[in-house]
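A structural walkthrough
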Amino acid sequence: MKKVISLALAAAICSASMLLAACGGNAGTATKDETSDTKTIATVDDLEGAKIGVQLGTTGDIYASDYEDKGSIIERYNKGADAVLALTQGKIDCVIIDSEPAKAFVAANEGLKILDEPFAEEDYAICVAKDNTDLLGKINTALAELKADGTTENIAKNFIGDDTKGKTPYVTPEGTEYPNGELHMATNAFFEPYEYYEGDTVVGIDASMAQAICDKLGYKLVIDDMDFDSIITAVQTGKADFGMAGMTVTEERLQAISFSDSYTTATQVIIVKE
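Given the structure is predicted, the values throughout are model-derived calculations rather than measurements.

Before going further, it helps to spend a moment on helix α7 (residues 205-217). The first and last C-alpha atoms of α7 sit 18 Å apart over 13 residues, in line with the 18 Å expected at 1.5 Å per residue. Most of α7 sits inside the fold, with 11 of its 13 residues counted as buried. Residues Ile-205, Asp-206, Ala-207, Ser-208, Met-209, Ala-210, Ala-212, Ile-213, Cys-214, Asp-215 and Leu-217 constitute the buried set of α7. Contact partners of the buried residues in α7: α5 (133-148), α6 (151-159), β7 (182-187), β9 (201-203), β10 (220-225) and β11 (242-243).

Structure, rendered in structure tokens:
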């Protein structure tokens, strides 16, 4: 009887030892990384079936939506910075965004890169309510004059390019007056270098361009910061006079809003982990 009990006890001890060894082995082995399910994106062709991060309502969002029918998952964020953060955390495979903000994000986040192959090219313009043809005409006239005298080019150079950045800031001409009241510009000020904060002030290509236009037209510029996907509604309802936020002219947007002549050309790119 003692022999049977001893054998049973030995078997129990052996089983317990094996269980502890197994537990010890698991503790010493890395658990599955949440990034292990991510897909490597090397070209535009790899976007099919990928988890793609975009800023809600942007052109990147519109273009990326075409991939939903191809098995891709589109994760939409209120800010481009939130999409980039998700990429660094391994929650998505890539981010589609404008090239200039992409450069700023990559510079600020080690381990990210921009693919050499561009995703899409686009023209940026100013949106105005469809029934506000008078303001649209004035903006186009001002833009033409600013292009002709080199102001638009100098504004862009002041924010883009290692050799030119900070060297050609726009300065309101001395003696400029604003007898026509205010113009409210709707924007999303988290899209460097087009619009972003320096302290409490919104600066950037679009902010400077809008200031130059308002100086030409005799209006005081007021910038209203809001979510990107609220801009068109704000302009439609009269809460803002125009929208300027690195906004691309698309057929879908033209159904709801009018656009000025283009003031710059931009490229959509893909950010991935190195």
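As a further point, take the packing of aromatic side chains. Throughout the structure, instances matching the rule amount to 5 aromatic pairs. Measuring from ring centre to ring centre gives 6.3 Å for Tyr-67 and Phe-119, while their planes differ by 40°; the resulting arrangement is tilted. In this pair, Tyr-67 is assigned in the loop between α2 (59-64) and β2 (73-77) and Phe-119 in the loop between β4 (112-114) and β5 (120-124), connecting sequence segments 52 residues apart. Judged by its relative accessible area of 15%, Phe-119 is buried. Ring geometry for Phe-190 against Tyr-197: centres 6.0 Å apart, planes inclined by 55°, an arrangement best described as tilted.

With 5 bridges connecting them, strand β1 (residues 51-55) and β2 associate as parallel partners. Bridged to Ile-52 within β2 is Ile-74. At this point the chain moves from β1, through α2, to the parallel β2, and the crossover so formed is right-handed.

Our next topic: the pattern of salt bridges. Counted under the stated rule, the structure contains 6 salt bridges. One salt bridge in this structure joins Arg-76 and Asp-61, with 2.7 Å as the shortest N-O distance. A residue pair is termed long-range when its members are at least 10 positions apart, and Arg-76 in strand β2 and Asp-61 in helix α2 qualify at 15 residues. Arg-76 sits in the partly exposed class, given a relative accessible area of 33%. Overall, Asp-61 belongs to the buried group, its relative accessible area being 8%. For Arg-76, the salt bridge goes to Glu-68, with nearest N and O atoms at 3.5 Å. Among the residues examined, Glu-68 registers a relative accessible area of 37% and is labelled partly exposed.

Parameters and conventions
- Residues numbered from 1 in each chain as written.
- Predicted model: local features only at pLDDT ≥ 70, side-chain atom pairs only at ≥ 80, totals over all residues.
- Heavy atoms only, no water.
- Helix = DSSP H or I, 4+ residues; strand = E, 2+ residues; numbered from the N terminus.
- Expected span 1.5 Å × (residues − 1).
- Buried < 20%, exposed > 50% of the residue type's maximum accessible area, 1.4 Å probe, protein only.
- Contact = heavy atoms within 4.5 Å.
- Phe/Tyr/Trp six-rings, centres within 6.5 Å; stacked < 30°, edge-to-face > 60°.
- Pairing = 2+ DSSP bridges.
- Right-handed = clockwise from strand over helix to strand, strands pointing away.
- Salt bridge = Lys/Arg side-chain N within 4 Å of Asp/Glu carboxyl O.

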